[in-house]
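The residues making up each chain are set out below.
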Amino acid sequence: MHTVWKGAISFGLVHVPVKMFSATEDKDISLRYIHKECGSPLSYVRKCPVCEKEVGWEEIGKGYEYEKGKFVLFDKEELDQLTEESSKNITILDFVDLTEIDPIYFQKTYYLSPDQAGTNAYRLLMEAMRQTGKIGIAKISIRSKSSLAAIRVLEDCLAIETIFYPDEVRPVSQVPGLPEAGMVSDKELDMAKLLISQLSTPFEPEKYTDDYRQRMLDLISHKVSGEEFHIAPSRQESNVIDLMAALQASIEAVQHIPADPGPSLAGSATKPKTAAAAKKKTAKAKTAEAAPGTAVVNEATGPIPVIAPKTKRRSPKSKETVS
C-alpha cells in the first residue's frame, strides 16, 4: 500500500507514531474524451483568457474570489504555514460511542499502522479502545484539508474515518417535497413491517456486486475483440397504484410456507399461502359449516356445491314415512 500520511496520534500525554494508508479504492472505469474525427485523446490546456497563452505549473498560484472578478492571492509559503503545525498530528479530543455518530457524517476510511518505535503504544491504544468499546474523535489535516475524524478498532488494526463538520451537513429542513406528518394506515403498516421482517438478514457485503462495472468490462472486452455486444433492455416498472396490493405481492414473493398435506387435484399448482389468505380460508370454512347447503369454494377448482340431506316427511293420508 502507498503511504498517504505520516504523523502521530496523541491522547493526553501519550504519543503514537503512525502511518496512514487508504482503506478503500475507487474502481470506477475511467473513460477519456476522444476526437471522433481522428480517434486521438483530448488534452486539457491551462490557458489564460486575457494573455491568450498556455500557462505552465510554475506560473500558477492560488487565490480566493471575494467579489465577482476580484481575488486575493496566496503564496505557497503562506498556505504551508497554516497547515505545518497541524498536519503531522492526530489529536484525540474525546472518546464516544460509535452509535452516537450518524452515518451522514462519514467521508473516507484509512488504515493506521505503527511507525518507528510506536508498536507498544499502538497496541495499548487499540486494546484499551477495544475493551472500553469507545472510539476517538480527533482533528486531522490531510493535503491541506482539515477534518474531524473518528478513530476506531477494525479487527486488529486502527482505522480512521474522516467526518464532516456539523456546518458541512445540510439540514433536512432544506429538502423540498417532504411529506407532512400524518396518520399511517395500521393495515398497511403491519404489511410493511412483515415485508421488512421477511427481507431482514445479516449483512454480508461480499454478496453485493457492481453490476454496472461488470457490464462495462464485458462491453470493453467484446469491443476490443471486435464482437458485437448488446444488452437486453430491462423491464420497465409500472407505477404502483394500490399500495396494499404491492405489499401483499411482495410478501408472497419472499414467503415460503409449505402447503397443507393432502391429495392434490390434477392440474392444480401449490401456491404459497400468507397469513391473510389462511385467515380468509378459515372464515369461509366457518361460514359453510354454519349454513348447510352453502357452496364451498376450492381455490383450484372453484365452487363445490354442498347437497343438504333430504328431510323426512309424512304422507297426509297414510301417515307413513316417505323418504
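Residues numbered from 1 in each chain as written. Predicted model: local features only at pLDDT ≥ 70, side-chain atom pairs only at ≥ 80, totals over all residues. Heavy atoms only, no water.

**Some words on the overall build of the protein chain**
In step 1: Scanning the protein chain for helices and strands turns up 6 helices and 15 strands.
In step 2: Relative to its full complement of 323 residues, the protein chain shows a buried share of 18%.
In step 3: For the protein chain, long-range pairs separated by at least 24 residues make up 54% of all intrachain contacts whose partners lie at least 6 apart in sequence.
In step 4: Carbon and sulfur atoms make up 56% of the accessible area of the protein chain, which totals about 26,500 Å². (Helix = DSSP H or I, 4+ residues; strand = E, 2+ residues; numbered from the N terminus. Buried < 20%, exposed > 50% of the residue type's maximum accessible area, 1.4 Å probe, protein only. Contact = heavy atoms within 4.5 Å. Areas by Shrake-Rupley, 256 points an atom, 1.4 Å probe, with all protein chains shown as cover.)

**A look at the packing of aromatic side chains**
In step 1: Using the criterion set out here, one finds 2 aromatic pairs in the structure.
In step 2: On the basis of an interplanar angle of 85 degrees and a centroid distance of 6.3 Å, the ring pair of Phe11 and Phe95 is categorised as edge-to-face. With Phe11 in strand S1 (residues 3-11) and Phe95 in strand S7 (residues 89-96), this pair connects stretches of sequence that are 84 residues apart.
In step 3: Ring centres of Phe203 and Tyr208 lie 6.0 Å apart, and the angle between their planes is 20 degrees; this geometry places the pair in the stacked category.
In step 4: On the basis of relative accessibility, which here comes to 48%, the residue Tyr208 falls in the partly exposed class.
In step 5: If you follow Lys108 out to its NZ or CZ, it ends over the ring of Tyr110, 5.7 Å from the centre. (Phe/Tyr/Trp six-rings, centres within 6.5 Å; stacked < 30°, edge-to-face > 60°. Lys NZ or Arg CZ within 6 Å of the ring centre and 35° of its normal.)

**Considerations on the pairing of strand S9 (residues 135-142)**
In step 1: Across the 8 residues of S9, 7 count as buried, placing the element largely inside the fold.
In step 2: Two elements, S7 and S9, share 5 bridges in a ladder whose sense is antiparallel. Residue Val96 lies in a different strand from S9, and its bridge partner there is Ile135.
In step 3: Across 7 bridges, the pairing between S9 and strand S10 (residues 145-154) is antiparallel. The partner of Ala138 across the bridge, within S10, is Ala149. (Pairing = 2+ DSSP bridges.)

**Observations regarding the nonpolar core**
In step 1: In this structure, Ile9, Met20, Ile90, Ile151, Leu158 and Ile160 are the most contacted members of the largest nonpolar core, which totals 23 residues.
In step 2: At the level of elements, S1, strand S2 (14-22), S7, strand S8 (106-114), helix H2 (119-132), S9, S10 and strand S11 (157-163) are the ones that each hand at least two residues to this core.
In step 3: Here the element with the most residues in this core is H2; it accounts for 5 residues.
In step 4: Every residue in contact with Ile160, bar those within four places of it in the chain, is listed here: Met20, Ile90, Lys108, Thr109, Tyr110, Leu112, Ile140, Ala149, Ala150 and Ile151. (Core = buried A, V, L, I, M, F, W, Y, C linked by side-chain atoms within 4.5 Å.)

**Focus: the pattern of salt bridges**
In step 1: Applying the stated criterion across every chain, the model contains 7 salt bridges.
In step 2: Among the ionic pairs, Asp115 bridges to Lys6, the shortest N-O distance being 4.0 Å. Of this pair, Asp115 sits in the loop between S8 and H2 while Lys6 is found in strand S1, placing the two residues 109 residues apart along the sequence.
In step 3: In this structure, Asp97 engages Lys134 in a salt bridge whose closest nitrogen and oxygen atoms are separated by 2.9 Å. Taken together, the positions of Asp97 in the loop between S7 and S8 and Lys134 in the loop between H2 and S9 put the pair 37 residues apart, joining distant regions of the chain.
In step 4: We classify Lys134 as partly exposed; its relative accessible area is 32%.
In step 5: Shared partners join several salt bridges into a network, and the residues in it are Glu127, Arg130 and Asp156. (Salt bridge = Lys/Arg side-chain N within 4 Å of Asp/Glu carboxyl O.)

**Considerations on the environment of Thr162**
In step 1: Positionally, Thr162 belongs in strand S11.
In step 2: Of the residues examined, Thr162 reaches a relative accessible area of 6% and is grouped as buried.
In step 3: For the pair Thr162 and Phe106, spaced 56 residues apart in sequence, the C-alpha separation works out to 6.2 Å.
In step 4: Discounting chain neighbours no more than four positions away, the residues touching Thr162 are Tyr105, Phe106, Gln107, Lys108, Tyr110, Ile142, Ser147, Leu148 and Ala149.

**Side note on the pairing of S11**
In step 1: Summarising burial for S11: 7 of the 7 residues are buried, a large majority.
In step 2: Side-chain alternation along S11 places Cys157, Ala159, Glu161 and Ile163 on one buried face and Leu158, Ile160 and Thr162 on a second face that is also buried.
In step 3: Pairing of S8 with S11, which is carried by 5 bridges, proceeds in the antiparallel orientation. Bridge assignment links Phe106 to a residue of S11, and that residue is Ile163.
In step 4: Sheet analysis places S10 next to S11, joined by 7 bridges and oriented antiparallel. Bridge pairing in S11 links Ala149 to Thr162.
In step 5: What sits between S10 and S11 in their antiparallel hairpin is a turn of 2 residues, with Glu155 showing a positive phi close to 55 degrees.

**Details of a nonpolar patch on the surface**
In step 1: A cluster of nonpolar residues, Tyr64, Tyr66, Val72 and Phe74, forms a patch on the protein surface that exposes about 410 Å² of accessible area.
In step 2: Going through the elements one at a time, strand S5 (62-67) and strand S6 (70-74) are the ones with two or more residues in the nonpolar patch.
In step 3: In this fold, Tyr66 is placed in strand S5.
In step 4: The class of Tyr66 is partly exposed, set by a relative accessible area of 46%. (Patch = residues over 30% accessible without salt bridge, like charges linked within 9 Å, V, L, I, M, F, W, Y side chains within 5 Å.)

**A few points about the state of the cysteines**
In step 1: If you walk through the whole model with that rule in mind, you get 0 disulfides.
In step 2: Of the cysteine sulfurs around Cys48, a residue in no disulfide, the closest is that of Cys51, at 3.9 Å. (Disulfide = S-S within 2.5 Å.)

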